[in-house]
Amino acid sequence: MAITISAIAHGKINLHLGVSDVRDDGYHDLETVFQSVALQETVHLTEVASEKGATVTVEGHDAHLVPTDETNLAVRAVAAVQQRVAQQMGADFQVPPVAIHIDKGVPVAGGMAGGSADAAAALVAAVEFYCSRHHETRDHVVLSWDEEYRIAASLGADVPFCLLGGTALGTGRGDELVSVMARGPYHWAIATDKRGLSTPKVFAQLDKQRESGRSHSHAGSTDELIRVLHSGDPEQLAPLLVNDLQAPAISLLPSLRETLAAAKEADALASIVSGSGPTIAMLCRDAEHALEVATAVSVSGKASATMTTTTPAGHARLADAAVIRESGLTE
Ligand code: C5P
């Protein structure tokens, strides 16, 4: 039986997302505080016979919306590790392909880093697959944490945070990270919108709004938020949630206003567009309150789906059972 290696990584919410002007490379400098959410992606890599080539399959929440070609971030993460293996092993070595299976738990194209979590989980699984005792490359290919981080950053600005998890302050593109102490858990209701939003378009809309003077929003300092995160008190956290991408996301998808109004009506402590949206994160007092808010917003008909979750969650890692199967044995 073929070997399968599985890893998980979590999605994220930006509690504070401050966006500066656009840089020469098209990115924007950020000052952001990320928290990983309990919602997670699981990526399974299975050894396949070389002649079959690689395949990607996806199941779970809105799986049909996920691309299964070479633009898929898990595919790109595995390809980056394979390239490193090829460099190390020499031209004659044929890098064994893997089949990739993604089990989705994070809303697709929702501003919660579902794709970036796929990349982080695929990276962890691929490093284990190609650079560990399971493979003939084990004595030859060693990937340091720095290299793993560099690959992560090359795949997308949120991928390093999905590797790290927890609570972190992100600067630069959002990929220069410092862990932040936080007492949790915080409880959230989540409202998704299946229409999705394109991250580059939301950033571009912010630039347009600022150029035309229609937006002067600047999220400001993260100091108070970081202080309050020590308290574990959602009532203190609520007034500090801020996102510079909220106004441009709403201008691209005006019905988000109604979802935010439904969250208020449902008595959420605070609600905010998550990252570039259109998912809305609603901060709640406790698990029971999160369930009530999610139910009320669902009944209002102003969301495609609702769910509950908690923050902060952990780093990307091999799945608990490691799901390393060979010859029918689970190690
Ligand atoms: O890095 P990633 O591919 O996730 O970014 C998607 C897009 O989001 C970028 O191409 C860019 O348009 C925008 N972005 C940005 N500034 C950031 C992060 C993302 O402008 N710090």
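Residues numbered from 1 in each chain as written. Predicted model: local features only at pLDDT ≥ 70, side-chain atom pairs only at ≥ 80, totals over all residues. Heavy atoms only, no water.

1. Regarding the overall build of the chain
- Scanning the chain for helices and strands turns up ten helices and 14 strands.
- Taken against the 2.2 N^0.38 rule, which gives 20 Å for 331 residues, the C-alpha radius of gyration of the chain at 20 Å falls within 12% of a compact globule.
- On the principal axes, the C-alpha backbone points of the chain span a range of 60 × 45 × 35 Å.
- Residues counted as buried form 54% of the 331 residues belonging to the chain.
- Nonlocal contacts in the chain, meaning residues at least 24 apart in sequence, comprise 77% of its contacts between residues at least 6 apart.
- Surface summary for the chain: the accessible area is close to 14,500 Å², and the carbon and sulfur share equals 50%.
- Seen as two clouds, the 24 positive and the 41 negative side-chain charges of the chain have centres 4 Å apart. (Helix = DSSP H or I, 4+ residues; strand = E, 2+ residues; numbered from the N terminus. Rg over C-alpha atoms; globule rule 2.2 N^0.38 Å. Buried < 20%, exposed > 50% of the residue type's maximum accessible area, 1.4 Å probe, protein only. Contact = heavy atoms within 4.5 Å. Areas by Shrake-Rupley, 256 points an atom, 1.4 Å probe, with all protein chains shown as cover. Lys, Arg positive; Asp, Glu negative; His and termini not counted. Charge placed at Lys NZ, Arg CZ, Asp CG, Glu CD.)

2. Section: the domain arrangement of the chain
- With domains assigned, the chain is organised as domain 1 (4–179) and domain 2 (186–311).
- The C-alpha-based centres of domain 1 and domain 2 are spaced at 25 Å.
- Residue-level contacts link 29 residues of domain 1 with 39 residues of domain 2.
- At the boundary of domain 1 with domain 2, total buried surface from both sides reaches about 2,400 Å², with 63% on carbon and sulfur atoms.
- If you look at where domain 1 meets domain 2, you find zero salt bridges.
- The tally of links between domain 1 and domain 2 comes to 16 residue pairs in polar contact (both at pLDDT 80 or more).
- Where the side of domain 1 that touches domain 2 is concerned, the elements lending two or more residues are strand 1 (4–22), strand 2 (28–47) and strand 5 (167–171). (Domains from an automatic or database assignment. Buried area = accessible area lost by both parts, 1.4 Å probe. Salt bridge = Lys/Arg side-chain N within 4 Å of Asp/Glu carboxyl O. Polar contact = N/O pair within 3.5 Å; in protein donor to acceptor, adjacent residues only side chain to side chain.)

3. Brief notes about the site of the ligand
- Close to the ligand lie G26, Y27, H28, L30, G156, A157, R173, T199, P200 and F203, which account for all nearby residues.
- Between a nitrogen atom of the ligand and a main-chain N or O atom of R173, the distance comes to 2.9 Å.
- The fraction of the free accessible surface of the ligand (450 Å²) that becomes covered by protein chains is 75%.
- Among the detected pockets, the ligand sits in the largest pocket.
- Secondary-structure elements contributing two or more residues to the shell around the ligand are strand 2 and helix 5 (199–211).
- With three residues, the top contributor of residues to the shell around the ligand is helix 5.
- Counting contributing residues, the shell around the ligand receives three or more from each of domain 1 (4–179) and domain 2 (186–311). (Near = heavy atom within 4 Å. 1 Å grid on protein atoms, 1.4 Å probe; cavity = no way out; pocket = protein on both sides within 12 Å on 5 of 7 lines; lining within 4 Å. Sits in = over half its atoms within 2 Å of the grid points.)

4. Points about the pattern of salt bridges
- One pass over the structure, following the stated rule, counts twelve salt bridges.
- Residue D244 pairs with R210 through a salt bridge whose shortest N-O separation is 3.4 Å. Of the two residues, D244 is situated in the loop between strand 8 (242–243) and helix 8 (246–252) and R210 in helix 5; the sequence distance between them amounts to 34 residues.
- Each of R23, D25 and D29 takes part in a single network of salt bridges with overlapping partners.

5. Topic: the packing of aromatic side chains
- Under the defined criterion, the tally for this structure stands at two aromatic pairs.
- Here F34 and F161 contribute two aromatic rings whose centre-to-centre distance is 4.4 Å and whose plane-to-plane angle is 10°, an arrangement assigned as stacked. Placement of the pair is F34 in strand 2 and F161 in helix 4 (residues 159–164), with a sequence separation of 127 residues.
- Judged by its relative accessible area of 0%, F34 falls in the buried class.
- You can call F161 buried: its relative accessible area is 1%.
- With a centroid separation of 4.7 Å and an interplanar angle of 80°, the aromatic rings of F129 and Y130 are classed as edge-to-face. Y130 carries the same exposure label as F129, and that label is buried.
- Above the face of the Y27 ring, R173 is positioned so that its terminal group lies 4.5 Å from the ring centre. (Phe/Tyr/Trp six-rings, centres within 6.5 Å; stacked < 30°, edge-to-face > 60°. Lys NZ or Arg CZ within 6 Å of the ring centre and 35° of its normal.)

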